[in-house]
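In case you want the letters, here they are:
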Amino acid sequence: MLGEGIIQGLVETARNFFGSYVEKDRLTTVQYPEERHTLPEASRNFPFLLYDGTDPEAGLRCVACQICEKECPPRCIHIEKSKDKKPDFVGKQQAYPVVFDIDVAVCMSCQICVEVCPFDAIRMDKEFELSTSNRFGGLLWTKKELAKPNEYYRKIHPVEAAETDERREQELAAAQAKAAAAEAARAAQTSASATPGEASGNGASAPPAKTVVPQ
Amino acid sequence: MSGPVVDDPIAVKPIAGPGEIMEVSMGPHHPSTHGVFRMDVRLDGERVVRLKPVFGYLHRNHEKIAEHGAYLASIPYTDRLDYLCSMTNNWGYVLAVEKLAGIAVPERAEYIRVIVGELTRFQNHAGLIGFLLQDMGASGTPLMYAFREREKILDLFEALSGARMMCNYMRFGGVRVDCSAEWLDEVRQLVGRLPRFLDEFESLLRANEILMARTQGVGVLPRELAISAGVTGPLLRASGVNYDIRKVDKYGIYDRFDFRVPLGDHGDVYDRYMVRLLELREMLKILEQALRDIPEGPVMDPKTRLRGLRPKAGEAYGRIESPKGELGFFLISDGTGNPYRYRVRPPSMINLTILEDMCLGQNIADVVIILGSVDIVLGEVDR
Ligand code: SF4
Ligand code: SF4
């Protein structure tokens, strides 16, 4: 019958219209600024720098190895490495970034920087309302805006953060054990102070453990 | 209004009788082009006598950027080729790199690739049908239904890869992160719900008399022309050529799945619409089988060097059946950390080359739906 197909289609439209009042599956929109979906844990938008403790300067994990700067596909990271060094979380002397800028306008949220960073120093944020009326300064984020505490990371990515924390604790424990062993060896050596050959042999294992491999 | 242009390489024959040829520039900002694309149309009354596709407005130098970056750095850029189907774009590229460097992919990663690949195809086809119907004047309704389901798939992608559209998920040697059991359960639930959506989506307009009158016999692409022009994907299959790279090449693990390849008879707009509708059903079959068989295990070959990959000198061509056709990546390595040559074979651009042949003699209003049935994404056409 001519018109049957049209009527069939209208039945579907009606089914969807009335169905949307009773079925969640048929009405999926939310009224955005007031109502929000919770973002899944994996969701990513823009990188931030992690710091331990309360001081964003002293606790900054980044050691300015510049791997992320090199690997970032649109090259939107700019790092200037320090001349001096500061101790990292296992007590090893490491450089730190004097300047660490990311251009929000250029970053394409690809997460490559997070993947290549060997120091767990950079992670992805979920914050997506980044618009600003200042298109020059407002879109270039410096170390100050980028640094966020580990607690924040734990809050937005609980599972991932727990894994990272555990790994870092193990690294710290291993480093402490190694340092303690070296300390004990040095103490034994000074108290004995006997053969010079033995002393040089112990001396080789004395420098602190290399826990992370930068390249 | 202008007469026939004299310096035209393909001269338009002067028409007999009163009247003039009118040249209309459709685009670059025309709602029918779904992007920045221009069609230079010459009209004799309502009838198309010549049509020249003009593209390049979205050119971003994709290939040269990739030649100056590491192999890893190109993956997020491939997301942005066909920006509706980032997962399949990733897949084509990593397949080429895997061939080039001889990297093996773990079993579980292959299954995850099939699952996300078919979900991508699903949301692409559903969206395309919605857009096509929108172009025909069914404004809003079918498109919104399609987008409602697409949204659910994009949510799954976000939970898996972190982003809805720019997934950047696959890596040579596997996939970036493993999927959880809950995620797989959610996919299973979704796949269980999709047949109902398909039934409704089909009966919405499939037998609609107006739609049939509008699309049948319009924009016919003859089989021989489709083959000789290198057309691929649903466009080719609607012309009756049985050519699906999932069947021909059996890349990944596609030899393990049981599915059929729908074919058209006439190669008109209606056939292209129907072929896609039928393909949607076949995808669900593949998804069900993949979700049933997915094994446990690693998702990444531990020996693969993502950063600083230096394949031996040589060349490789990786191709997949992307939702739009044959998506190929051709790579030449000279042994350094970045490819010596990187070339994309974009299906939409090659499918676009026969646009004029399909449109000649048709009405101007039909050009819109013929273009819609080709399924182009300008990110891929212009690269
Ligand atoms: S890779 Fe990590 S540690 Fe190195 S510079 Fe980047 S953020 Fe800092
Ligand atoms: S997310 Fe991607 S684009 Fe953004 S800073 Fe990191 S590597 Fe660069």
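These figures come from a predicted structure and were not determined experimentally.

**Student:** Before we go on, may I ask you to explain the sheet that holds strand 2 (residues 38–44) of chain B in this structure?
**Tutor:** All names here are of chain B. Strand order in the open sheet formed by three strands is 1-2-3, with antiparallel pairing between adjacent strands. Two strands bound the open sheet, and with one partner strand each, they are strand 1 (21–26) and strand 3 (47–54). When the angles between neighbouring strand axes are averaged without regard to direction, this sheet yields 20°. Packed on one face of the sheet, helix 14 (residues 364–374) meets strand 1, strand 2 and strand 3 and runs near 150° to strand 2.

**Student:** Sorry, what's going on with the site of ligand 1 here?
**Tutor:** Residue and element names in this part refer to chain A. Surveying the vicinity of ligand 1 reveals the residues Cys62, Val63, Ala64, Cys65, Gln66, Cys68, Ile79, Cys117, Phe119, Ala121 and Ile122. Spatially, ligand 1 is embedded in the largest cavity. Of the residues in the shell around ligand 1, the class split is 10 nonpolar, one polar and no charged.

**Student:** Which parts of the structure should I look at to understand the domain arrangement of chain B?
**Tutor:** Where the parts come together, the accessible area they lose is often given as the size of the interface. Residue and element names in this part refer to chain B. When its domains are assigned, chain B resolves into domain 1 (10–54) and domain 2 (62–382). Averaged C-alpha coordinates put domain 1 and domain 2 at centres separated by 30 Å. The interface of domain 1 with domain 2 comprises 17 residues on the first partner and 18 residues on the second. Area buried by domain 1 at its contact with domain 2 is led by His34, Val48 and Leu51, which between them contribute 35% of it. At the junction of domain 1 and domain 2, the tally comes to one salt bridge.

**Student:** Looking at this structure, how should I read the sheet that holds strand 5 (residues 97–103) of chain A?
**Tutor:** Hydrogen bonds along the backbone pair up the strands of a sheet, which may run parallel or antiparallel. Residues and elements named next belong to chain A. One open sheet holds the three strands; their spatial order is 2-5-7, and the pairing between them is antiparallel. Sheet topology places strand 2 (77–81) and strand 7 (140–141) at the edges, where each strand pairs with a single neighbour. Taken together, the five bridges between strand 2 and strand 5 define a ladder with antiparallel strand orientation. Each residue of the ladder has a partner; that of Lys81, found in strand 5, is Pro97.

**Student:** Could you clarify how one ought to interpret the site of ligand 2 in this entry?
**Tutor:** As a matter of local geometry, ligand 2 sits amid 14 residues, with Cys72, Cys107, Cys110, Gln111 and Cys113 of chain A nearest to it. Classifying every residue of the shell around ligand 2 by side-chain character gives 12 nonpolar, two polar and no charged.

Cut-off values and rules
Residues numbered from 1 in each chain as written. Chains lettered and ligands numbered in written order. Predicted model: local features only at pLDDT ≥ 70, side-chain atom pairs only at ≥ 80, totals over all residues. Heavy atoms only, no water. Pairing = 2+ DSSP bridges. Helix = DSSP H or I, 4+ residues; strand = E, 2+ residues; numbered from the N terminus. Axes fitted to C-alpha atoms, helices over the stretch in contact; angles between N-to-C directions. Contact = heavy atoms within 4.5 Å. Near = heavy atom within 4 Å. 1 Å grid on protein atoms, 1.4 Å probe; cavity = no way out; pocket = protein on both sides within 12 Å on 5 of 7 lines; lining within 4 Å. Sits in = over half its atoms within 2 Å of the grid points. Nonpolar A, V, L, I, M, F, W, Y, C, P; charged D, E, K, R; others polar. Domains from an automatic or database assignment. Buried area = accessible area lost by both parts, 1.4 Å probe. Salt bridge = Lys/Arg side-chain N within 4 Å of Asp/Glu carboxyl O.

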